[in-house]
Amino acid sequence: MEGRFNWAGVIDFLPELGTGLYYTLLISIIGLIIGFILGAIFGLGRISKNKIFYGISSIYIEVIRGTPVLVQAIWIFFALPLITGYNMASVTAGIVVIAVNSGAYIAEIVRGAVQSIAKGQVEAGRSLGLTHNQTMRYIVWPQAFKRMIPPLGNQFIISIKDTSLLSVILVPELMFQGRLIASNYFNAVEIYTTVAVFYLIITLTLSFILRMIEKRLDVQ
Amino acid sequence: MIKVENLHKSFGEHEVLKGIDCEIHSSEVLCVIGPSGSGKSTFLRCLNMLESITSGQVTVDGFNLKDKKTNINMVRTEVGMVFQQFNLFPHKTVIENIMLAPMKVRKLSKNEAKERGLKLLKKVGLSDKADKYPSSLSGGQQQRVAIARALAMEPKLMLFDEPTSALDPELVGEVLEVMKQLANEGMTMVVVTHEMGFAREVADRVLFMDEGIIMEEGSPDVIFSNPTSDRTKEFLDKVL
Ligand SMILES: Nc1ncnc2c1ncn2[C@@H]1O[C@H](COP(=O)(O)OP(=O)(O)OP(=O)(O)O)[C@@H](O)[C@H]1O
Ligand SMILES: [Mg+2]
């Protein structure tokens, strides 16, 4: 096997892979921030007494959870512009895909965490004269947020890995760069291994950070 | 202070309160006793609208609870409630538990709220626990904090729903002691309890509930020594 693979040669492609890494991180971070906001809104929609809000939230969550992220990406990039007549840059489309997809899963995480807070907590708050909003803000949310952290971390990792599918809609992220290089230089083993290691470094770092946060919050 | 007229409460098809009439005066201590499932908690929870009223009239401190214009949050600031399961906020320290509502609802400054909280902790004998989290306290201590938390709003009326039922027997006394002290200070109290000793000693009036109605009411002496209803006798024979 010696000499068959040119591992040292990977260094030459670090600028391209670096660009890919930049887009992977950019899309993950912006997509997940928007996804979290969507998740918070539609998660509360799922526990809302307002039937319209509940209905819209349910449809959104079911449609997204019931379809593959690859189909969503292709639909948003290739089909949606035909409906709206408005072309989206691939990076923008990538952010939309990650945001809309993670938002649906995060909504279920938010719903579960809020519902897991005992009814007695709300009753205690309300019986002290706090309004519904104050009770949510000072009593339910802080407790629910703590419970959300492990499943949120999970979802973040899944979404970061999902960004690799965005190569099919021409987002210049890590996987896209890898495919480009490998098809031009016939070094699939070296490049795809390096790409895999890059993903692993991102996800392991995130896992580590999350574990630190969990530990710190548990001290209370 | 409280006037209840022909109060009915149903959960779906299931009618739990079947016409309750009752008046509670200022500084009065009313104990509510009765078998499990008779509607004692539901009755109590109707008094601060934790349960909606199906029909009838409930007036608390001049507020008509059936009136849509009544600001329920205003009513609740005047009505403290203590729960069987304490329901302290686990993510807040003892003093923060007590300070929250005075600051957010009564708009006290942090210092004022803290001062009030520490005074109340002293009153319930827990001055040294101010900065602890509830999970590090015994059940009896948690319940005393819960009482202090309710008192921090300076309510005119306190509702207690079996405040000692979740406690180990050796911790019941410390909570009843605090309640006794409150009663002596002239607090208006409605107490759902299985502690017949407490009811006998502290109550001005005892109310026996059975199957959603008030079967019998009277002074503790009459209820415990000379009950007129057979159901009351039967119940007391079982629990005493
Ligand atoms: N939220 C609810 N939904 C449906 N039924 C309820 C609800 N709350 C109470 N009930 C029913 O109402 C009846 C009376 O309940 P309640 O809790 O008032 O009784 P209780 O006298 O306090 O009993 P206990 O001594 O066991 O606390 C019970 O049959 C109970 O199952
Ligand atoms: Mg009860």
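Everything numeric here is computed off the predicted structure, so don't read it as measured data.

Enquirer: Which parts of the structure should I look at to understand the sheet that holds strand β6 (residues 79–82) of chain B?
Expert: Hydrogen bonds between backbone groups are what pair the strands of a sheet, and the pairing can be parallel or antiparallel. Residue and element names in this part refer to chain B. Here we have six strands laid out as an open sheet, ordered β6-β7-β8-β3-β9-β10, and mixed in their pairing. What marks the edges here is a single partner per strand, and that holds for β6 and β10 (213–218). On average, each strand axis in the sheet is tilted by 20 degrees relative to the strand beside it, whichever way the strands run. In this sheet, strand β8 (residues 188–192) lies alongside strand β3 (residues 29–33) in parallel orientation, the contact comprising four bridges.

Enquirer: I'm lost on the pattern of salt bridges in this one. Help?
Expert: One side chain can pair with another of opposite charge once the charged atoms of both are near each other. Inspection of every chain in the model, using the stated rule, returns 19 salt bridges over all chains. In this structure, Glu62 of chain A and Arg46 of chain A form a salt bridge, with 4.0 Å as the shortest nitrogen-oxygen distance. Remark: Arg46 of chain A occurs in helix α1 (residues 14–46) and Glu62 of chain A occurs in helix α2 (residues 51–65); sequence separation between them is 16 residues. Judged by its relative accessible area of 16%, Arg46 of chain A is buried. A salt bridge links Glu154 of chain B to Arg116 of chain B; the shortest N-O distance between them is 3.5 Å. With Glu154 of chain B in the loop between α5 (139–151) and β7 (157–161) and Arg116 of chain B in helix α4 (residues 110–123), this residue pair connects regions lying 38 residues apart in the sequence.

Enquirer: Please explain the packing of helix α7 (residues 174–185) of chain A against helix α8 (residues 188–218) of chain A as it appears in this structure.
Expert: Helix packing geometry: the angle between the two helix axes and the distance between the axes. All names here are of chain A. Orientation of α7 relative to α8, taken along the N-to-C sense of each, is 170 degrees, at an axis distance of 9 Å. Judged by the inter-axis angle, α7 sits roughly antiparallel to α8. Of the residues in α8, those touching α7 at Leu174, Met175, Gly178, Arg179, Ile181 and Ala182 are Ala188, Ile191, Tyr192, Val195, Phe198 and Tyr199. Taken together, the residues that form the contact of α7 with α8 break down as ten nonpolar, one polar and one charged.

Enquirer: What should I look at first to understand a nonpolar patch on the surface in this one?
Expert: On the surface, Leu25, Ile29, Ile30, Ile33, Ile34, Ile37 and Ile41 of chain A cluster together to form a nonpolar patch covering roughly 570 Å² of accessible area. Within the secondary structure, Ile41 of chain A is located in helix α1.

Enquirer: Could you clarify how one ought to interpret the environment of Leu121 of chain B in this entry?
Expert: All names here are of chain B. Its place among the elements puts Leu121 in helix α4. Sequence-wise, Leu121 and Glu51 are 70 residues apart; in three dimensions their C-alpha atoms are separated by 30 Å. Each residue touching Leu121, except ones within four places of it in the same chain, is listed here: Val94, Ile95, Ile98, Leu126, Ser127, Ala130 and Val145.

Enquirer: What exactly am I supposed to notice about the confidence of the model for chain B here?
Expert: Predicted coordinates in regions of low pLDDT should not be interpreted in detail. Summarising the model, chain B shows a mean pLDDT of 95, and 100% of its residues fall at 70 or more. Two summary scores accompany this predicted model of the complex, namely pTM at 0.86 and ipTM at 0.92.

Enquirer: Sorry, what's going on with the nonpolar core here?
Expert: Among soluble globular proteins, nonpolar side chains are generally buried collectively. In terms of nonpolar packing, the biggest core is built from 50 residues, with Leu121, Ile147, Met158, Phe160, Met179 and Met189 of chain B touching the most fellow members. Counting residues per element, this core draws most heavily on helix α6 (residues 169–184) of chain B, at eight residues. Discounting residues that sit within four places of it in the chain, Phe160 of chain B has contacts with Leu44, Val82, Ile147, Met179, Leu182, Met189, Val190, Val191 and Val192 of chain B. Judged by nonpolar contacts, the second largest core, of 39 residues, contains Leu128 of chain A together with Val16, Leu50 and Val60 of chain B.

Enquirer: For this particular structure, what's the right way to read the sheet that holds strand β4 (residues 55–60) of chain B?
Expert: Residues and elements named next belong to chain B. Across the sheet, which stays open at both edges, the four strands sit in the order β2-β1-β4-β5 with antiparallel pairing between neighbours. This sheet does not close on itself; its edge strands, each paired only once, are β2 (14–24) and β5 (63–64). Where strand β1 (residues 2–11) and β4 come together, five bridges link them in antiparallel fashion. For His8, the partnering residue across the bridge sits in β4 and is Ser55.

Enquirer: Sorry, what's going on with the interface of chain B and chain A here?
Expert: In many reports, interface size means the accessible area that the parts give up when they come together. Residue-level contacts link 23 residues of chain B with 18 residues of chain A. One can count one salt bridge joining chain B with chain A. Put simply, Glu123 of chain A and Arg45 of chain B hold a salt bridge, and the shortest N to O gap is 2.6 Å. At the boundary of chain B with chain A, the tally comes to seven residue pairs in polar contact (both at pLDDT 80 or more). The set of elements that each furnish at least two residues to the side of chain B that touches chain A consists of α2 (72–78), β6, α3 (94–104) and α5 of chain B. Class assignment of the residues belonging to the side of chain B that touches chain A gives a composition of 13 nonpolar, five polar and five charged.

Scoring rules and cut-offs
Residues numbered from 1 in each chain as written. Chains lettered and ligands numbered in written order. Predicted model: local features only at pLDDT ≥ 70, side-chain atom pairs only at ≥ 80, totals over all residues. Heavy atoms only, no water. Pairing = 2+ DSSP bridges. Helix = DSSP H or I, 4+ residues; strand = E, 2+ residues; numbered from the N terminus. Axes fitted to C-alpha atoms, helices over the stretch in contact; angles between N-to-C directions. Salt bridge = Lys/Arg side-chain N within 4 Å of Asp/Glu carboxyl O. Buried < 20%, exposed > 50% of the residue type's maximum accessible area, 1.4 Å probe, protein only. Parallel < 35°, antiparallel > 145°, perpendicular 65-115°, else oblique. Contact = heavy atoms within 4.5 Å. Nonpolar A, V, L, I, M, F, W, Y, C, P; charged D, E, K, R; others polar. Patch = residues over 30% accessible without salt bridge, like charges linked within 9 Å, V, L, I, M, F, W, Y side chains within 5 Å. Areas by Shrake-Rupley, 256 points an atom, 1.4 Å probe, with all protein chains shown as cover. pLDDT = per-residue confidence, 0-100. Core = buried A, V, L, I, M, F, W, Y, C linked by side-chain atoms within 4.5 Å. Polar contact = N/O pair within 3.5 Å; in protein donor to acceptor, adjacent residues only side chain to side chain.

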